[in-house]
Amino acid sequence: MTPRPHRIAIAPSGFKESLSAARVAEAIATGVRRVIPDADLDLIPLVDGGEGTAEALALAGGGRLVPVTATGPVGDPVASHFALLGGGTTPGPLTAVVEMAAVAGLALVPPARRHPGATTTYGVGELIRAALDAGARRILVGCGDSGTSDGGAGALQALGARLTDRHGRELRPGGGALHELEHIDPSGLDPRLADTELLVACNPYNVLCGKRGVARVFGPQKGATPAEVELLSAGLERLAAVLTRDLAPASGATALDLRTAPGTGASGGLGAGLASVGARLLPRYDVLLDGLDLDARLARADFVITAEGALDHQTVRGKIPAEVARRAQAAGVPVLVLAGTIGPGAQDVRAVGVDAYSAILPAPMTLVEAIGRSGEFLADASERAMRIMALGTRLAPVAPLAA
């Protein structure tokens, strides 16, 4: 009897500022086929709410991307988009997907201008309004890969709220000004929000304030100095207090602790800002993996390969490889993670079901070169991994040591 082909599920995230999840999956498949040409490959590119989410959900849901020019994170106009799903053919209200990274992502902040105290989510509010203009009354906001730390203040301003200091002056953009916040006037908020289901797909591990607050965890990655981190943290504390006093009562969100509730720290605090006007903060994989039948597809595989740009202590806190490994482990399927870089705490992924992990870079190089050649390196790393596994299956059992 001819043995059946090996079934391999390839379920990666994208590599930030480099490759989409679909292109990562294709690169891995290329490397696998060099060693196992007849492998039965199931490519399952996954998104976490960050870069590529709107496009991926549009493709999966038979929708389309709607181009929009909006305010970028440093205040300049950027070419952005949101997705409309189903083309109005599905029952219920028209659904839109707003990907915050498409208008306020870190990739849109030039390296020389990476000062999270000044970047804004104003464009996110503009995309939400554009989706409302298109007729959407169910809006899913994907959080991830943000270049901001303004607690969603900019998005609220774009939606019509007035954020003012003690002199009644409109607050300037960015999280660096939040410590001056005195009052929020909700009277100008877009009235259509009251009739819209606003959902935020976020990492529940991210909270707005406290020792694990978003400014302290992610501020340095966005360019904040230690002093700026403390200023941002104080500003977000102030924002939470004023949101709770001035906005949340009008939206019925008073039961939610905007400082520490799961997901309030998503995308530099955008989760808290949107929650204050009635948005529901949902664990991102509960929303984004709906319809993929991921558990069944992983269970059918003999082996799973997943990937992300950086494997480190944050991976187990809600990143795609950890989610894939957790689900694969439940089905008894082994998992390999390929990563652009491996950092401190990477070994923690073994606790969530990862059997092995490997970096893809073949030699020290600049970040620019690594990003530019990441597809090539992924294919080569996949080939190496497959050849090592093939060698292992050919080894004779090792005799036990003599007593």
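Treat the numbers as computed from the prediction; the structure is a model and nothing was measured. (Residues numbered from 1 in each chain as written. Predicted model: local features only at pLDDT ≥ 70, side-chain atom pairs only at ≥ 80, totals over all residues. Heavy atoms only, no water.)

Enquirer: Could you clarify how one ought to interpret the nonpolar core in this entry?
Expert: As a rule of thumb, soluble globular proteins bury nonpolar side chains together. In this structure, F82, V124, I128, I139, V141 and I184 are the most contacted members of the largest nonpolar core, which totals 61 residues. Looking at this core element by element, the count peaks at eight residues for helix α7 (residues 226–251). I128 has contacts with V98, I139, V141, L159, L193 and L274, leaving out every residue within four places of it along the chain. One finds V24, F303, I305 and M386 within the second-largest nonpolar core, a separate group that totals 24 residues. (Core = buried A, V, L, I, M, F, W, Y, C linked by side-chain atoms within 4.5 Å. Buried < 20%, exposed > 50% of the residue type's maximum accessible area, 1.4 Å probe, protein only. Helix = DSSP H or I, 4+ residues; strand = E, 2+ residues; numbered from the N terminus. Contact = heavy atoms within 4.5 Å.)

Enquirer: I'm lost on helix α13 (residues 374–394) in this one. Help?
Expert: Given 3.6 residues per helical turn, the α-helix brings residues three or four places apart onto the same face. In a regular helix each residue adds 1.5 Å, so 21 residues correspond to 30 Å; α13 covers 30 Å between its end C-alpha atoms and thus fits that length. Buried within α13 we find S374, F377, L378, A379, A381, S382, E383, A385 and M386. Each element contacted by the buried residues of α13 is listed here: β1 (7–10), α1 (21–35), β11 (303–311), β12 (335–342) and α12 (367–372). (Expected span 1.5 Å × (residues − 1).)

Enquirer: Hey, could you run me through the environment of I360 in this one?
Expert: One can find I360 in the loop between β13 (356–359) and α12. Along the primary structure I360 and D150 are separated by 210 residues, whereas in three dimensions their C-alpha atoms are 35 Å apart. Apart from residues no more than four positions distant in its own chain, I360 is found in contact with F15, L338, A339, G340, S374, F377, L378, A381 and R384.

Enquirer: I would appreciate a short explanation of the pattern of salt bridges in the present structure.
Expert: Once the charged atoms of two side chains with opposite charge are near each other, the side chains can pair. By the definition in use, this model includes 26 salt bridges. Across the pair E383 and R34 runs a salt bridge, and its minimum N-O distance is 2.9 Å. One end of the pair, E383, is in helix α13; the other, R34, is in helix α1, with 349 residues separating them in the sequence. In this structure, D76 engages R113 in a salt bridge whose closest nitrogen and oxygen atoms are separated by 3.3 Å. Taken as a pair, D76 in the loop between β3 (64–71) and β4 (77–85) and R113 in the loop between α3 (101–104) and α4 (122–133) lie far apart in primary sequence, 37 residues in all. The partly exposed category is assigned to D76, whose relative accessible area is 37%. Judged by relative accessible area, R113 falls into the partly exposed class, the value being 39%. Through salt bridges with shared partners, a single ionic network connects K16, D48, D145 and R284. (Salt bridge = Lys/Arg side-chain N within 4 Å of Asp/Glu carboxyl O.)

Enquirer: Where do I start with unusual backbone geometry in this structure?
Expert: What is expected of a backbone is that most residues other than glycine have negative phi and most peptide bonds are trans. Positive phi values are uncommon outside glycine, yet D145 reaches one of about 60 degrees. On the secondary structure map, D145 appears in the loop between β6 (138–142) and α5 (153–158). The class of D145 is partly exposed, set by a relative accessible area of 21%.

Enquirer: Just checking my understanding: could you explain the side chain of R297 for this structure?
Expert: In this structure, R297 sits in helix α10 (residues 294–299). From its side chain, R297 meets the backbone oxygen of L43 in a polar contact 3.4 Å long. Aside from chain neighbours lying at most four places away, what touches R297 is A9, D42, L43, I44 and L292. (Polar contact = N/O pair within 3.5 Å; in protein donor to acceptor, adjacent residues only side chain to side chain.)

Enquirer: Would you explain the sheet that holds β3 in this entry?
Expert: Strand pairing in a sheet is mediated by backbone hydrogen bonds. Such pairs are either parallel or antiparallel. Strand order in the open sheet formed by six strands is β3-β4-β5-β6-β9-β10, with mixed pairing between adjacent strands. Sheet topology places β3 and β10 (280–283) at the edges, where each strand pairs with a single neighbour. Put simply, the sheet's adjacent strands are angled 30 degrees from each other on average, direction ignored. In this structure, strand β9 (residues 197–202) lies alongside β10, joined through four bridges in parallel fashion. Bridge pairing links C202 to P283 in β10. In the packing of α4 onto the sheet, contacts are made with β3, β4, β5 (95–99) and β6, and the angle to β3 comes to roughly 135 degrees. Sheet strands in contact with helix α8 (residues 266–275) are β6, β9 and β10, and its direction is about 155 degrees off that of β9. (Pairing = 2+ DSSP bridges. Axes fitted to C-alpha atoms, helices over the stretch in contact; angles between N-to-C directions.)

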